[in-house]
Amino acid sequence: MVNNQYTITQVQQIINAGGTIIKDYTVNTLLTDSRRITNPEGGLFFALSGRRNGHEFVAEAYAAGVRNFVVKQGPELKVPGANFLIVPDVLAALQTLAAYHRSRFDIELIGITGSNGKTIVKEWLYQLLSPDKNIVRNPKSYNSQIGVPLSVWQINEKNNLGIFEAGISTTGEIHRLEAILRPTVGVLTHIGPAHDEGFESRRQKVLEKLGLFKNCRLLVHNYDQLIDYQDDIPVKNCFTWSTKFNQADLYVFTGTIIKSNYYLRAHYKGQEIECLIPFLDEASVENATLCWAVMLALGYEATKADDRIEHLSAVSMRLELKTGINDCSVIDDSYNSDIQSLEIALNFLNQQNQHTKKTLILSDIFQSGLAADVLYQQVAAMISAKKVDKFVGVGEALSGRQEYFEVPEKHFYPDTATMLQHLRALNFKEETILIKGSRSFEFERISRALVEKAHETVMEINLNALLNNLNFYRHKLKPGVKVMAMVKAFSYGSGTFEVANILQYNKVDYLAVAYIDEGIALRTAGITLPVMVLNPEVSAFDKMTEYRLEPSIYSFGLFDDYIRYAREKNVLDYPIHIKIDTGMHRLGFENFEVETLCDMLEENRYVHVQSVFSHLAASESAMHDEFTLKQIRNFEKAFKLIERTLGYKVIKHISNSSGITRWPVAHYDMVRLGIGLYGVDSAVSDTDNSLQPIATLKTSVSQVKNILAGETISYNRSGSLLKDGKIATVRIGYADGYLRAFGNGVGKMLIKGVLCPTVGNITMDMCMLDVSAVDVREGDEVIIFNEEHGIEELATQIGTIPYEILTNISQRVKRVYFYE
């Protein structure tokens, strides 16, 4: 992230680093990811070590032009012209530099922590206070031990208020963030179960979070949730709000729904005041009430606070990847525009390989704290560095600085309406389009025009959860063990290139698909990782070799067919993977066939054995552990014989998701990560929250009907209610993958937090729910599965497995991908 300038000598003194300065560069950009290098000549790369050792990526950053590094140990090889600052703890050095930078600015700083709502409260306070203040804040949810120092680096002399959130997952973390932020005003959001697993008790977690406020002059909090912690609050001056206790500074004594708003009345300073919140859900009402309390605590008049809260806008902190018109992909970030989040969004744009052409639609940026010329020069440099092919600027500021932007194709419009009038002339086709706009530009209109119209039933895929799951399994592996990610069957129903792109960007070693056409789809979408095909068809060998897909060879017949093809086409030394059947009895050479196979492999110039693998049949089940051990012994016997025959080492792999979790002895050279990547692993305890479901399937209510007891519902008059009630017809049926087995009360869906059973048979495009216990209206959201109502629960309802639920979701259900 780019900001104020320091010489490398100054940095060395600030972080108390060793090392020799070769050239006293000026640095203004902090870098932690070699894949996301901007402004390399002014960059300072911190070789952080977590799940991956940052020192392994120094060479990659150097090749990108970076010449200044903070490391734990110096480079083994001479790196000409580079400065290496050597410290005992690279993360601590980053935090020390950020803390020093913060200390230079005597500004009010609001520090926010809690279990839930931190980012929403931060963004809403920004909306509420920005008319009066020049505010600096975390981009999106940059609230970690790394995110906070990178965020604080943004502070400059034009800012007169900071709003920063701080997140923790275990003890000992908050004091480091407090030392960086030095908040003067504290805000505590909702305390819930998030990250409970990192603490001995809920009390320990609350006390840790309260540590952020130890030097604050003021703390704003919900009196109700700290009633048992009054002696532990480290701040004398507190402003409290409550819905239960009238001794709170802001006592909210009633709440009423008025159309789509929530109307609150409260007692404050002996007077009755009111507030209209433009949201109805419980979390939003709580977060908005907290913001109301903050405004009053900061001295705002009650009427002004009410007026501003009434105009709060929903906060979308997620990038949404959608299918666009004319074979485009659309990244929708149409509600938020600042230079820091622009960098994050451009990095995500660069992860997309499905189209060679990359397009940015950007509005003017407000409240940056920078002079306009400086701001847009930085924006232009960032766009150039990210190799954007087509740039569409919307707004007077951008239109007045067209000369700054050196891109192959550029267009400028004074406002959104004018751009939409010229939409056809822009000829969007086969490109990935990032839409990034300040809220006032209403870029959601552009998104609606560019996104392909689709069925209202949607499956949302959380790419951050997918990365969390990938790292959960990586953490269980010894250094050097490779990861093969299974993306067969449309990535278990979750998408093709959308999932593969993020896996490739995060450096998995291999991908695996079931059939050759799946591999071709990945290659045409720009995926360059090695791809193993589990069940190759002889008729498509030519396409397989054309697209450099690597076949699994599991039988003598398939081996002979491939050798015959290779001999005819003179394809030499082609990578193949040998499948051994150690007990699954699906595909593979059995142990008694391995010697014959070795005779065929010996001195065979047409193939190179890339790997030998097998499949564990019951790795998740303790009752079958003896059988699993037998499979492992059979596998070792087979691959040792094959390696002796070949005279070289091959990659060995047998562990699936549950095998990674339960059988570290069977990790060998590589593991195959399948359903666990998507958040399901029966070998992981139900109380372990480390895995996150990545998919949410949702639809909406088409119609609500009052039904008398005994009236029949659906085909064959198969359903009825026992007493008078209501049914809702919802937009999902067996053609979408919601199987007929869920009918007649077997399946349940969530509406407003209430599980509603199906009534009657599931039809092709719709089904009916008993909503007698819920206040339901047409258009209301319906959740088929999510984190709360999991896929495993649906599988149990109809006696199947989560794999079948996921892979049955049909292609007509639109996939939307979220990334924070």
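Provided above is the structure to which this section pertains.
These figures come from a predicted structure and were not determined experimentally.

Procedures and definitions
Residues numbered from 1 in each chain as written. Predicted model: local features only at pLDDT ≥ 70, side-chain atom pairs only at ≥ 80, totals over all residues. Heavy atoms only, no water. Buried < 20%, exposed > 50% of the residue type's maximum accessible area, 1.4 Å probe, protein only. Helix = DSSP H or I, 4+ residues; strand = E, 2+ residues; numbered from the N terminus. Arc of directions from axis to C-beta. Contact = heavy atoms within 4.5 Å. Patch = residues over 30% accessible without salt bridge, like charges linked within 9 Å, V, L, I, M, F, W, Y side chains within 5 Å. Areas by Shrake-Rupley, 256 points an atom, 1.4 Å probe, with all protein chains shown as cover. Salt bridge = Lys/Arg side-chain N within 4 Å of Asp/Glu carboxyl O. Lys, Arg positive; Asp, Glu negative; His and termini not counted. Charge placed at Lys NZ, Arg CZ, Asp CG, Glu CD. Core = buried A, V, L, I, M, F, W, Y, C linked by side-chain atoms within 4.5 Å. Pairing = 2+ DSSP bridges. Axes fitted to C-alpha atoms, helices over the stretch in contact; angles between N-to-C directions. Polar contact = N/O pair within 3.5 Å; in protein donor to acceptor, adjacent residues only side chain to side chain.

*Asks:* Which parts of the structure should I look at to understand helix α6 (residues 174–181)?
*Replies:* Each full turn of the α-helix corresponds to 3.6 residues, which orients residues three or four apart in the same direction. Within α6 the residues assigned to the buried category are Ile174, Leu177, Glu178, Ile180 and Leu181. One side of α6 holds all its buried residues, which, seen down the axis, span an arc of 160°. In this structure, the buried side of α6 is in contact with α3 (90–103), β6 (108–113), α5 (147–152), β8 (161–165) and α7 (202–210). Downstream of α6 by one or two residues, Arg182 has phi in the positive range, about 50°.

*Asks:* Sorry, what's going on with a negative patch on the surface here?
*Replies:* Residues Glu595, Asp599, Glu602 and Glu603 make up a contiguous surface patch of negative charge. Note that Glu603 resides in the loop between α22 (594–601) and β27 (607–613).

*Asks:* In this structure, what is going on with the nonpolar core? I would like to understand it.
*Replies:* Soluble globular proteins tend to bury their nonpolar side chains together. Within the largest apolar cluster, 132 residues are counted, with the highest numbers of intra-cluster contacts made by Val379, Leu503, Leu511, Tyr562, Ile578, Ile642 and Phe785. Take this core: its biggest share by element is 7 residues, from helix α16 (residues 463–474). Look past the residues within four positions of Ile578 in its chain and what remains in contact with it is Ile553, Phe589, Leu597, Val609, Ser611, Val612, Phe613 and Ile642.

*Asks:* I'm lost on the sheet that holds strand β23 (residues 510–513) in this one. Help?
*Replies:* Hydrogen bonds between backbone atoms are what pair the strands of a sheet, whose relative direction is either parallel or antiparallel. What the 8 strands build is an open sheet, ordered β28-β27-β26-β25-β24-β23-β22-β29; its pairing is parallel. The open sheet terminates on both sides in strands that have one partner only, identified here as β28 (651–653) and β29 (670–673). Recorded for the sheet is a direction-independent mean angle of 30° between the axes of neighbouring strands. Pairing analysis gives 3 bridges linking strand β22 (residues 482–486) to β23, with the strands arranged parallel. Paired with Met486 across the two strands is Ala512, which belongs to β23. Most of the contacts of helix α23 (residues 625–646) go to β27, to which it runs at about 160°, and overall it touches β26 (574–579), β27 and β28.

*Asks:* Is there a simple way to explain the side chain of Asn604 in this structure?
*Replies:* Inspection of the secondary structure assignment puts Asn604 in the loop between α22 and β27. By relative accessible area, which is 16% here, Asn604 ends up buried. In terms of polar contacts, Asn604 uses its side chain to reach the backbone carbonyl oxygen of Met600, at 3.2 Å. Within the local environment of Asn604, its side chain forms a polar contact with the backbone nitrogen of Tyr606, the two atoms lying 3.0 Å apart. Residue contacts for Asn604: discarding those within four places in its chain leaves Phe559 and Ile563.

*Asks:* Please clarify how the side chain of His355 should be interpreted in this entry.
*Replies:* If you trace the backbone, His355 turns up in the loop between α10 (339–351) and β17 (357–363). Within the structure, His355 has its side chain in polar contact with the backbone oxygen of Asp327 (distance 3.1 Å). Within the local environment of His355, its side chain forms a polar contact with the side chain of Ser329, the two groups lying 3.5 Å apart. If near-sequence neighbours (up to four positions away) are discounted, His355 is found in contact with Asp327, Cys328, Ser329, Glu430, Glu431 and Thr432.

*Asks:* Quick question: what am I supposed to make of the pairing of strand β31 (residues 725–730) here?
*Replies:* Both faces of the sheet carry side chains from a regular strand, because those side chains alternate between them. Of all 6 residues making up β31, 6 are buried, and the element is well covered by its neighbours. Side-chain alternation along β31 places Gly725, Ile727 and Thr729 on one buried face and Lys726, Ala728 and Val730 on a second face that is also buried. In the sheet, strand β30 (residues 695–707) pairs with β31 via 6 bridges, with the strands oriented antiparallel. Across the sheet, Val704 pairs through a bridge with Ala728, a residue of β31. Pairing of β31 with strand β34 (residues 767–770), which is carried by 4 bridges, proceeds in the antiparallel orientation. Each bridged residue has a counterpart across the sheet, and for Thr729 the counterpart in β34 is Met768.

*Asks:* Even after reading the chapter, I still don't get the pattern of salt bridges, so can you show me in this structure?
*Replies:* Going through the model one piece at a time under the given rule, you end up with 29 salt bridges. As a salt-bridge pair, Glu456 and Arg731 come within 3.6 Å of each other at their nearest N and O atoms. You can see Glu456 sitting in the loop between α15 (444–450) and β21 (458–462) and its partner Arg731 sitting in the loop between β31 and β32 (748–751), a full 275 residues away along the chain. According to the relative accessible area criterion, Arg731 is partly exposed, its value standing at 25%. Salt bridges linked by common partners bring Lys122, Glu123, Arg137 and Glu165 together as one network.

*Asks:* What is the right way to read unusual backbone geometry from this model?
*Replies:* It is generally the case that most residues other than glycine have a negative phi and that most peptide bonds are trans. With a phi angle near 60°, Lys507 is a residue other than glycine that sits in the positive phi range. Mapped onto the elements of the fold, Lys507 is located in the loop between α18 (497–505) and β23. Positive phi values are uncommon outside glycine, yet Arg548 reaches one of about 50°. Here Arg548 lies in the loop between α20 (541–546) and β25 (549–553).

Keep in mind these values describe shape, not function.
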